[in-house]
Amino acid sequence: MMIISVSGDDLHIGVENIRKIYENGVIALDNVTAEFKSGCINCLLGENGAGKSTLAKLIAGVIRPTAGKIRLNGKEIRFRDSQHALRLGIGIVYQYPTLFEELTVLENIIVFNNALGKVKGFHIRNTLEIESREFEKFVKETGFNIDINKKVFSLPANEKQLIEILRLFYANLNVIILDEATSMLTPLETEKVFKMLFKLRDEGRNIIYITHKLLEVRQVCDRVIVLSRGRVVYVAEEKPETAEEMNKIIQHMFETHNIRKYLLENKFTQNNHYLRTAEKNNAEILKIKELYVLGDYGELKVKGLNLVINKNEIVGLAGIMGHGQRELIEAIVGIRKAVSGEIFFSGHNIVSWPIDARLKQGLVYIPAERLKRAIAGELSILEDISAYWLNISPFDFIKKFFGLSLVDYSKLRSQITDILKRFNVVYQGIEAPVKHLSGGNIQKHILAKILGRGNIKLIIAEEPTAGLDFKTTNEIRSLLKDLKENGTSILLISSDLQELLEISDRLLVMFDGKIVKEYANVSSIDVVELSKYMMGLR
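Overview of the structure. (Residues numbered from 1 in each chain as written. Predicted model: local features only at pLDDT ≥ 70, side-chain atom pairs only at ≥ 80, totals over all residues. Heavy atoms only, no water.)

1. Points about the overall build of the protein
Stage number 1. For the protein, the count of helices and strands is 19 helices and 20 strands.
Stage number 2. Within the protein, the fraction of its 538 residues that count as buried is 54%.
Stage number 3. Looking at the protein alone, contacts between residues at least 24 apart form 69% of all its contacts between residues at least 6 apart. (Helix = DSSP H or I, 4+ residues; strand = E, 2+ residues; numbered from the N terminus. Buried < 20%, exposed > 50% of the residue type's maximum accessible area, 1.4 Å probe, protein only. Contact = heavy atoms within 4.5 Å.)

See the structure below:
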């Protein structure tokens, strides 16, 4: 079944009195009625847990509603599955990549087109040749530089997310849903994606855009629909242009007055960074000397890198993804072996230490790929945290919590409930699967799990707030600053320059496997100069 490109009202999507109740009793959507118009970028907003992703999945045929109707082109439609929706011209890009890691980029495109019924050619060799030629041409026309013959597992998170987006655009779909799809992209990549969205909108496509970045609302959205606690609470039929219009949106998104005030003052009316007056501590917690690390294909990705992090400081690492950041992180935490060089942590050369020894010493990692590396989604909240705590060091865990020779599971449950409360994790039941948590609560669950074990000296925080709403983002950034004030050091890797500038004490720039610039005074950084260092122009 081929997709026929249409325009105008033929691409109209409507939902009527939609309810979605999950098996664990969570009411994700409660009588939602909304319209998503063609020739528009329809912005779907709301804080974490508001029901945005659930609504997007319903429209994309991934899950089915408990009650209510979905209308396509004015007619009620009941999707059999996501492939059915795809063949009707409706596609979705999630915040977290869904690519096949062991396949190449090109092979992933072919698999996707096969689901659409759009595979070109008469046999596999012919298909590879045609798809390779056409997709490579498409990618070049978009202005991106992607090696389509690389295995996906070897790519940085931003490239994986970009491929998901390009795959959807290449498929020539009529309804395009982007669920936090730019959260890992660099500003330049995001700008190029926006240009493609404008082109698709002008062709009459129906675009549903979910974001937590309120500045993006001003940049791309033509209409705004706000969800809160599973209900539509506000609709704006025109692009918000003024601070007053943005204020209305924020007031409906967030219930806390202080959060709304923070957003308005710090995101729309001020360009100043926080003034930080933390005392300098020259005691080194991490020192890397002449580190060389290979990439997935044997290429040199980290090239004689030197780096120092002192106690009680947040060091930001800026740079365009793909220039050795992932390999550096993995070498520090023990996931990837270094070719040569030294990594001194808390006075010990840990370059050859296993992961668990580094964890026990107080080196922890908050990964960007949360679903893949930070949680076991099928486990319950209780099981996921218990497994992490117990596996690190059963003896230390028992000694810390019980002073007994055997685990007291009743007390364990109580301790985990307490840590979840302290990290403001919102959940329906501790026995519910972790995967049922919203994006923001998954990240807070991860923080509770990782930091709750104590004895933390250094945190490697990779994209800690990507895709999260402003309320949760503010909570996590405040937490990182509090941890620093209480003696923890942090290496912050983020594609969000605002985040790096806001909370870093020092900023390092990485390009082509090396540190090419250090800023000791973050508050005086020239962003234009910084961008040039990031792109290798200085």
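2. Observations regarding the pairing of strand 7 (residues 175-179)
Stage number 1. Here strand 7 lies mainly inside the structure; 5 of its 5 residues are buried.
Stage number 2. Covered by surrounding structure in strand 7 are Val-175, Ile-177 and Asp-179 together with Ile-176 and Leu-178, the residues of both alternating faces.
Stage number 3. Pairing of strand 6 (residues 90-93) with strand 7 involves 4 bridges; the strand directions are parallel. Across the sheet, the residue bridging to Gly-91 is Ile-176, located in strand 7.
Stage number 4. With 5 bridges connecting them, strand 7 and strand 8 (residues 206-210) associate as parallel partners. Counterpart to Ile-177 in the pairing with strand 8 is Ile-208. (Pairing = 2+ DSSP bridges.)

3. A word on the nonpolar core
Stage number 1. Ranked by size, the top nonpolar core spans 54 residues in total, and within it Phe-169, Leu-178, Leu-197 and Tyr-209 carry the most contacts.
Stage number 2. Apart from residues no more than four positions distant in its own chain, Leu-197 is found in contact with Ile-41, Phe-169, Leu-178, Ile-207 and Tyr-209.
Stage number 3. Of all hydrophobic cores here, the second largest spans 48 residues; its members include Leu-359, Leu-447, Ile-459 and Leu-507. (Core = buried A, V, L, I, M, F, W, Y, C linked by side-chain atoms within 4.5 Å.)

4. Examining a negative patch on the surface
Stage number 1. Together, Glu-238, Glu-241, Glu-244 and Glu-245 make up a region of like negative charge exposed at the surface.
Stage number 2. Of note, Glu-238 is situated in the loop between strand 10 (231-236) and helix 8 (243-253).
Stage number 3. In this structure Glu-238 comes out as exposed when scored by relative accessible area, which is 63%. (Patch = residues over 30% accessible without salt bridge, like charges linked within 9 Å, V, L, I, M, F, W, Y side chains within 5 Å. Areas by Shrake-Rupley, 256 points an atom, 1.4 Å probe, with all protein chains shown as cover. Salt bridge = Lys/Arg side-chain N within 4 Å of Asp/Glu carboxyl O. Lys, Arg positive; Asp, Glu negative; His and termini not counted. Charge placed at Lys NZ, Arg CZ, Asp CG, Glu CD.)

5. Structural notes on empty space enclosed by the protein
To find the voids left in a structure, one rolls a probe of water-molecule size over its atoms.
Stage number 1. All told, the structure shown has 1 cavity of 30 Å³ or more when counted by the stated rule.
Stage number 2. The volume enclosed by the largest cavity comes to roughly 50 Å³.
Stage number 3. Around the largest cavity sit Thr-186, Pro-187, Gly-319, Ile-320, Ser-494, Ser-495, Leu-497 and Met-534, which together line it.
Stage number 4. Across the lining of the largest cavity, the residue classes tally to 4 nonpolar, 4 polar and no charged. (1 Å grid on protein atoms, 1.4 Å probe; cavity = no way out; pocket = protein on both sides within 12 Å on 5 of 7 lines; lining within 4 Å. Points joined across faces, edges and corners; volume = space filled by probe spheres on them. Nonpolar A, V, L, I, M, F, W, Y, C, P; charged D, E, K, R; others polar.)

6. A word on helix 1 (residues 52-59)
Stage number 1. Within helix 1, 6 of the 8 residues are buried, leaving the element largely enclosed by the surrounding structure.
Stage number 2. Buried residues of helix 1: Lys-52, Thr-54, Leu-55, Ala-56, Leu-58 and Ile-59, and no others.
Stage number 3. Looking one or two residues past helix 1, Gly-61 carries a phi angle of roughly 75°, positive in sign.

Function-wise, these values are silent; they only describe arrangement.
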